[in-house]
Amino acid sequence: MTTMDTEIDSIDVVADDEAARLLAAYEVGSSFLFSAPHGVLLTRGVSATVPKTLCAREELPRRVADFLQRATKFGRRNPLVVGAVPFGESLPAHLVLPEEVVRAAPLNVVVPQTPRSGTLDCAVRPVPAPAEYERGVSRVLRRMADGELRKVVLARSLELTAGEPIDVRNVLRNLALADPASYTFAVDLPRHGEDGTRDSFGPQPPLQRTFLGASPELLVSRRGTRVRSNPMAGSRPRSADPVEDQRRAAELSTSDKDHREHAAVVDAVGQALRPYCRDLKVPAPSVISTAAMWHLATEITGELLDPTTSSLELADALHPTPAVCGTPLQRARDVISETEPFERGYYAGMVGWCDAAGDGEWVVAIRCADIEDESMRLFAGAGIVAGSDPADELAETSAKFRTALSAMGLKQDV
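Reading guide: rules and limits
Residues numbered from 1 in each chain as written. Predicted model: local features only at pLDDT ≥ 70, side-chain atom pairs only at ≥ 80, totals over all residues. Heavy atoms only, no water. UniProt positions renumbered as here; feature names shortened; annotations may be inferred. Helix = DSSP H or I, 4+ residues; strand = E, 2+ residues; numbered from the N terminus. Core = buried A, V, L, I, M, F, W, Y, C linked by side-chain atoms within 4.5 Å. Buried < 20%, exposed > 50% of the residue type's maximum accessible area, 1.4 Å probe, protein only. Contact = heavy atoms within 4.5 Å. Salt bridge = Lys/Arg side-chain N within 4 Å of Asp/Glu carboxyl O. Expected span 1.5 Å × (residues − 1). Arc of directions from axis to C-beta. pLDDT = per-residue confidence, 0-100. Axes fitted to C-alpha atoms, helices over the stretch in contact; angles between N-to-C directions. Parallel < 35°, antiparallel > 145°, perpendicular 65-115°, else oblique. Nonpolar A, V, L, I, M, F, W, Y, C, P; charged D, E, K, R; others polar. Phe/Tyr/Trp six-rings, centres within 6.5 Å; stacked < 30°, edge-to-face > 60°. Lys NZ or Arg CZ within 6 Å of the ring centre and 35° of its normal. Pairing = 2+ DSSP bridges.

An unreviewed UniProt entry annotates the protein chain as isochorismate synthase originating from Saccharopolyspora spinosa. The Catalytic activity (unreviewed entry) comment attached to the protein chain in UniProt states, word for word, "chorismate = isochorismate".

Q: I tried to follow unusual backbone geometry on my own but got confused; where do I start?
A: Backbone geometry follows two general trends: most residues other than glycine have a negative phi, and most peptide bonds adopt the trans configuration. Here the residue pair Val 127 and Pro 128 is connected by a cis peptide bond, since its omega of -5° sits within 30 degrees of zero. If you trace the backbone, Pro 128 turns up in the loop between strand S5 (122-127) and helix H3 (130-145). In this chain, His 319 is followed by Pro 320 through a cis amide linkage whose omega measures -5°. Along the chain, Pro 320 turns up in the loop between helix H7 (311-318) and strand S16 (326-327).

Q: Just checking my understanding: could you explain the nonpolar core for this structure?
A: Side chains of a nonpolar character, in soluble globular proteins, are inclined to be buried together. The biggest cluster of nonpolar side chains holds 77 residues, and the ones touching the most others in it are Phe 34, Phe 185, Phe 211, Val 351 and Trp 362. Once residues within four sequence positions are removed from consideration, Val 351 is found in contact with Phe 32, Phe 34, Gly 83, Ala 84, Phe 185, Val 187, Phe 211, Glu 361, Trp 362, Val 363 and Ala 365. Core analysis: the second largest hydrophobic core is formed by 36 residues, Cys 122, Ala 162, Val 171 and Ile 371 among them.

Q: What is the right way to look at the pattern of salt bridges in this model?
A: It is possible for side chains of opposite charge to pair when their charged atoms get near one another. Scanning the model with the defined rule gives 30 salt bridges in all. Close ionic contact of Glu 100 with Arg 44 constitutes a salt bridge, the shortest N to O distance being 3.0 Å. Of this pair, Glu 100 sits in strand S4 (residues 94-104) while Arg 44 is found in strand S2 (residues 39-49), placing the two residues 56 residues apart along the sequence. Among the residues examined, Glu 100 registers a relative accessible area of 25% and is labelled partly exposed. Residue classification places Arg 44 among the partly exposed positions, given a relative accessible area of 26%.

Q: What is the right way to read H3 from this model?
A: Spanning 16 residues, H3 covers 23 Å between terminal C-alpha atoms, matching the ideal 22 Å at 1.5 Å per step. The set of residues buried in H3 consists of Tyr 133, Gly 136, Val 137, Val 140, Leu 141 and Met 144. With its buried residues spanning 140° around the axis, H3 presents them on a single face. Residues of H3 that are exposed and point more than 90 degrees away from the buried face comprise Arg 142 and Ala 145. Packing partners of the buried residues in H3 comprise strand S6 (151-162), helix H8 (329-339), strand S20 (375-384) and helix H9 (390-407). Phi for Gly 147, located one or two positions after H3, is positive at around 90°.

Q: Before we go on, may I ask you to explain the confidence of the model for the protein chain in this structure?
A: Any segment with low pLDDT has predicted coordinates that should not be analysed in fine detail. Within the protein chain, residue pLDDT values average 87, and 87% of them lie at 70 or more. Long-range and interchain partners of residues 196-200, a stretch whose pLDDT sits below 50, account for 15 contacts in this model, where long-range means more than four residues apart.

Q: I'm lost on helix H5 (residues 242-254) in this one. Help?
A: Residue pairs spaced three or four apart in an α-helix point in one direction, given the helix's 3.6 residues per turn. The end-to-end C-alpha distance of H5, which contains 13 residues, comes to 19 Å, matching closely the 18 Å that a straight helix rising 1.5 Å per residue would cover. Along H5, the residues that are buried comprise Asp 245, Ala 249 and Leu 252. Viewed along the axis of H5, the buried residues span an arc of 60°, placing them on a single side of the element. Along H5, exposed side chains directed more than 90 degrees from the buried face belong to Val 243 and Thr 254.

Q: Please clarify how the packing of helix H4 (residues 168-178) against H9 should be interpreted in this entry.
A: Packed helices, taken two at a time, are described by the angle between their axes plus the distance between the axes. Running from N to C, H4 and H9 cross one another at 125°; their axes reach a closest spacing of 8 Å. With respect to H9, the element H4 is oriented oblique. Here Asn 170, Val 171, Asn 174 and Leu 175 of H4 come into contact with H9, specifically with Thr 403, Ala 404 and Ala 407. For the contact of H4 with H9, a count of residues per class yields 4 nonpolar, 3 polar and no charged.

Q: I keep staring at the packing of aromatic side chains and nothing clicks. Help me out?
A: Aromatic rings considered in pairs are described by the distance between their centres and by the relative angle of their planes. Using the criterion set out here, one finds 6 aromatic pairs in the structure. Aromatic pair Phe 34 and Tyr 183: ring centres 6.1 Å apart, planes at 50°, arrangement tilted. Of this pair, Phe 34 sits in strand S1 (residues 31-36) while Tyr 183 sits in strand S7 (residues 183-189); the two residues are 149 residues apart in sequence, bridging distant segments of the chain. Take Phe 34: its relative accessible area is 2%, and that puts it in the buried class. Seen in terms of ring centroids, Phe 342 and Phe 379 are 6.1 Å apart; in terms of plane orientation they differ by 50°. Their pairing is tilted. Residue Phe 342 is found in the loop between H8 and strand S17 (350-355), and its partner Phe 379 is found in strand S20; the two are separated by 37 residues along the sequence. Taken as a pair, Phe 342 and Phe 379 share a single burial class, namely buried. Here the aromatic cluster, defined as three or more aromatic residues joined through ring pairs, consists of Phe 32, Phe 34 and Tyr 183. Of note, Arg 238 hangs over the ring of Trp 294, and the distance from its end group to the ring centre comes to 4.4 Å. Of note, Arg 344 hangs over the ring of Phe 87, and the distance from its end group to the ring centre comes to 4.5 Å.

Q: Mind showing me how you'd approach the pairing of strand S19 (residues 368-372) here?
A: The two faces of the sheet receive side chains in turn, since in a regular strand these alternate between them. Summarising burial for S19: 5 of the 5 residues are buried, a large majority. Residue alternation in S19 divides its side chains into two sets, Cys 368, Asp 370 and Glu 372 and Ala 369 and Ile 371, and both sets are buried. Pairing of strand S8 (residues 209-215) with S19 involves 4 bridges; the strand directions are antiparallel. Of the residues in S19, the one forming a bridge with Gly 213 is Cys 368. Looking at chain direction, S19 and S20 are connected through 5 bridges and run antiparallel. What sits directly across from Ala 369, in S20, is Leu 378. Between S19 and S20, which follow one another and run antiparallel, lie 2 residues, and Asp 373 among them has a positive phi close to 60°.

Encoded structure:
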């Protein structure tokens, strides 16, 4: 393991020293951070970028495998790629070969930390406006009544503009320490309007746009032949009142609407993994918590039939799940495109890493933000099924926005 001399000047909690150093060492424009419940991965510098030609999504695992094979020929020992894959196919995946990779044990935060308050003054513009979002939910419900859809995940966005550059490192620090059980990530991206393409092995210029978040949802991981996925769907916002908080958790555990929404996701994940796995175990769902939300979650595990199947190939087979899109898949995609007045970009895509041996880990890119200079876009969605109430779905997205807003020390009513 590579060690670092970085002082832990921005980590004022009881935490594993090496993990805290990695979080403190993250630098905008030249790093990738992936903090998982089992460990922290930080990369620095970029040796090469995976070619960014737009193509059928199923070609991505093959292109990455070829790219990693080339890196091996250049003398890299078990190289890996890190980065993000978008929700749709109008953008290319952004995956890079880092110059340096450092790993550490997980952050050992004894008590989740209260985000540092900030003095950032932001103008906030919801897209769409709350009332229009509710009307969109109502339109989707009418289409469901006609029988053409089972579920659609309808999202909305917040566009924040500050009077000064947003402190990405502080937002990232707050996300990681407020909810260390989540998957906190930060990915450097080309600025809007730039493609950042460079397919050569050598130093790459720094990037100045960051896609970051704290996702609770593991899309898939592969360790040797062991496969794991933890789909989530169905949720309730947390409450500061312990009694009310437990009431909401109990309500979620018995909600027919939420269990139907969850079952649609679990069924799709199971169907996608069965061709690749033997001994696939799909237990009953459980209720889990993040700092902001209660969720229904199911931990699915299995063993690979073919040990050459990579984590990216598995992730590609799963993405997008009904947890971020809907069912039937293509109809849900069409409805999202027709209803949402913005491009999702990397929101609801996937973030993670894959090495030359095929091991890796990918999470669903939710509870996230896209930051560039003084601008920040937040995203949150809610699963619409028969029986959904537009006002409740709006409230769910507002609760999900609080993860990123709290990390900025903001308490806007959204």
